[in-house]
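So the chains spell out like this:
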Amino acid sequence: MSKLSSIRHDKTQIDLVRMRQYRLGRVREQLKSLGYGGIVIFDPVNLRYATGSRNMQVFMLRNPARYVFIPTEGPVTLFDFPSCEHLSEGIETIDEVRPAITLSYVASGENLYDNAKEWAKEIADLMKQYAGDNKKLAIDYVPSVGAIELAKQGIEVVDGQEPIEHARSIKNKQEIEAMKISVRTAEEGMIRMQQALEPGITENELWSYLHQTNIQQGGDYVETRLLSSGARTNPWFQECSDKVINDGELVSFDTDMNGPFGYFTDISRTFYCGDGEPTVEQKRLYQTAYEQIQYNIELLKPGMTFREYAEKSWRIPDEFFPNRYFTVAHGTGLSGEYPYIVYPQDFEEKGYDGVIQENMVLSVESYIGSPGGKEGVKLEEQLLVTEDGVENFSDFPFEQRLLR
């Protein structure tokens, strides 16, 4: 059985009802613990997490035309894009679907403030009906006109990212299996990339193999364009381009792929282009990055605080510190998510504490490249925190030519 055939077969094993109910329950647990009456969710990734419903997800990232009201106790009301009410039929986590009021100038023009008043009144009425005297309403994000009008309705708007991020951080069995399917999809795309990599191919052409495989398997999109080659690998975060990849160059990439079921695969590899022997410097960079992620994977276990993990993590040489990746590790689920664990040198300014827990999924990162250096190496693994350590979701091989 091919990898793709195996992926198609595995999809049928996911209990979507159980997964949706677990995720909605997680959101409500967080709302209750914080004493909030409910939450309005605009972010399409958060909305999909809480309800299992999706619609034009990338479009909704910049158009506030779809949102959901979830009371801490009571029925869930989805407000969908006009004429899209039918898309959530049969999803048991949604009790009612209403047409959304789009809070944007593009959609409303001079009627924006009138529309915002209508929107706020509808949300305030739902709060009164299902939260009673509790006026604390969490919102993950909202256009400013909406927040202004909610305040006029007597609603106390509180940040909704905290309950959502904490809810998303602990996965159940169905989520874990869905993530494994997403990872296998990405690995198939990475195999195709590796097979297609030869001198003369452009970065964009090589990158397209991951996208094609993901879409073929029912995945959603790739969040970034992080593939670069040769001198463009240093510093990191240069986006994929029409540059031709040459013989003897390194090619570094980060999948950042929302795959089947919307789950995020966040794996990084660095390939060597051509049949020749890598240089001593290329091997040094690669082996340093490899050492970093292997050390930090071995260190990872439940019960550690974020600070403790940061302080015990692999000490990056001074040569590479200025170009370091911004996290040592971060959460992964339907996207990159809570927590961010930063380098110990950055902890006081940028870090925050918490506890690494069983059934968190963390991506452990390394970028090794010195300022002014010719090339750099990006490596990353995605790991499930288990009772006594970690389980690596990926078995995609590293470049043996660069390790010897």
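Quick caveat, the model's predicted, so the values are computed rather than measured.

Caption draft 1: Main features of the pattern of salt bridges. Applying the stated criterion across every chain, the model contains 28 salt bridges. As a salt-bridge pair, Asp15 and Arg18 come within 3.9 Å of each other at their nearest N and O atoms. Across the pair Asp220 and Arg54 runs a salt bridge, and its minimum N-O distance is 2.4 Å. With a gap of 166 residues between them, Asp220 in the loop between helix H10 (203-216) and strand E7 (221-222) and Arg54 in the loop between helix H3 (44-51) and helix H4 (57-60) connect regions that are remote in the sequence. Connected through salt bridges with shared partners, the residues Asp254, Glu365, Lys378 and Glu380 form a single ionic network.

Caption draft 2: Spotlight on the state of the cysteines. All told, the structure shown has zero disulfides when counted by the stated rule. For the unlinked cysteine Cys273, the closest cysteine sulfur is that of Cys240, found at 14 Å.

Caption draft 3: Examining the environment of Arg48 more closely. Tracing the backbone through its elements, the reader meets Arg48 in helix H3. What makes Arg48 buried here is its relative accessible area of 9%. In the structure, Arg48 is positioned 20 residues away from Val68 in sequence and 9.9 Å away in space, judged by C-alpha atoms. Apart from the residues lying within four places of it in its own chain, the contact partners of Arg48 are Arg23, Ser53, Arg54, Gln57, Asp220, Phe261 and Gly262.

Caption draft 4: Expanded view of the packing of aromatic side chains. The tally for this structure, following the rule as stated, stands at 20 aromatic pairs. Judged by centre distance (5.6 Å) and plane angle (25°), the ring pair of Phe237 and Tyr325 falls under stacked. Taken together, the residues span a long stretch of sequence, with Phe237 in the loop between strand E8 (227-229) and strand E9 (250-254) and Tyr325 in the loop between helix H12 (306-312) and strand E13 (329-332) at a distance of 88 residues. Take Phe237: its relative accessible area is 45%, and that puts it in the partly exposed class. Judged by relative accessible area, which is 6%, Tyr325 ranks as buried. Note on Phe326 and Tyr340: the rings are 5.5 Å apart at their centroids and 70° apart in plane angle, and the pair reads as edge-to-face. One end of the pair, Phe326, is in the loop between H12 and E13; the other, Tyr340, is in strand E14 (residues 336-341), with 14 residues separating them in the sequence. Here Tyr340 falls in the partly exposed class, since its relative accessible area comes to 37%. Here a set of aromatic residues connected by ring pairs shows up, and it is made of Trp236, Phe237, Tyr325, Phe326, Tyr340 and Tyr367. Just above the ring of Phe398 sits the side chain of Arg269; from NZ or CZ to the centre is 4.0 Å. One residue, Lys378, lies across the ring of Tyr325, its end atom 4.7 Å from the ring centre.

Caption draft 5: Geometry of the pairing of strand E3 (residues 77-80). Of the two faces of E3, the one holding Thr77 and Phe79 and the one holding Leu78 and Asp80 are both buried throughout. Two successive antiparallel strands, strand E2 (residues 67-71) and E3, enclose a turn made up of five residues, where Gly74 displays a positive phi of approximately 130°. Here E3 runs beside strand E4 (residues 96-99); their pairing, made up of four bridges, is parallel. Across the sheet, the residue bridging to Asp80 is Pro99, located in E4.

Caption draft 6: Structural context of the sheet that holds E7. In space, the three strands of this open sheet follow the order E7-E10-E11, with antiparallel pairing throughout. At either margin of the open sheet sits one strand with a lone partner, and together these are E7 and strand E11 (264-265). Bridging between strand E10 (residues 257-258) and E11 involves two bridges; their strand directions are antiparallel. The residue bridging Asn258 from the neighbouring strand is Phe264, located in E11.

Caption draft 7: Summary view of helix H8 (residues 161-168). Those residues of H8 not exposed but buried are Pro163, Ile164, Ala167 and Arg168. Along H8, the residues classed as buried sweep out an arc of 125° about the axis, all on the same side. Its buried side turned inward, H8 meets helix H2 (16-34), strand E1 (38-41), H3, strand E6 (156-159) and E14.

Caption draft 8: Here's a closer look at the packing of H2 against H3. It is the contact of H2 with H3, at a shortest axis distance of 6 Å, that shows an interaxial angle of 110°. On the basis of the axis angle, H2 is roughly perpendicular to H3. Of the residues in H3, those touching H2 at Arg20, Arg23, Leu24, Arg26 and Val27 are Arg48, Tyr49, Ala50 and Thr51. Class assignment for the residues of the contact of H2 with H3 results in four nonpolar, one polar and four charged.

Caption draft 9: Focus on the sheet that holds E4. As summarised here, the arrangement of the six strands in space is E4-E3-E2-E1-E5-E6, forming an open sheet in which the pairing is mixed. What marks the edges here is a single partner per strand, and that holds for E4 and E6. Going across the sheet, the axis of each strand differs from the next one's by a mean of 25°, ignoring polarity. Both E2 and E3 contribute to a ladder of three bridges, which runs antiparallel. Its bridge partner being in E3, Tyr67 is matched across the sheet by Phe79. Relative to the sheet, H2 contacts E1, E2 and strand E5 (136-139), its axis offset from that of E2 by approximately 60°.

Definitions and limits used
Residues numbered from 1 in each chain as written. Predicted model: local features only at pLDDT ≥ 70, side-chain atom pairs only at ≥ 80, totals over all residues. Heavy atoms only, no water. Salt bridge = Lys/Arg side-chain N within 4 Å of Asp/Glu carboxyl O. Helix = DSSP H or I, 4+ residues; strand = E, 2+ residues; numbered from the N terminus. Disulfide = S-S within 2.5 Å. Buried < 20%, exposed > 50% of the residue type's maximum accessible area, 1.4 Å probe, protein only. Contact = heavy atoms within 4.5 Å. Phe/Tyr/Trp six-rings, centres within 6.5 Å; stacked < 30°, edge-to-face > 60°. Lys NZ or Arg CZ within 6 Å of the ring centre and 35° of its normal. Pairing = 2+ DSSP bridges. Arc of directions from axis to C-beta. Axes fitted to C-alpha atoms, helices over the stretch in contact; angles between N-to-C directions. Parallel < 35°, antiparallel > 145°, perpendicular 65-115°, else oblique. Nonpolar A, V, L, I, M, F, W, Y, C, P; charged D, E, K, R; others polar.

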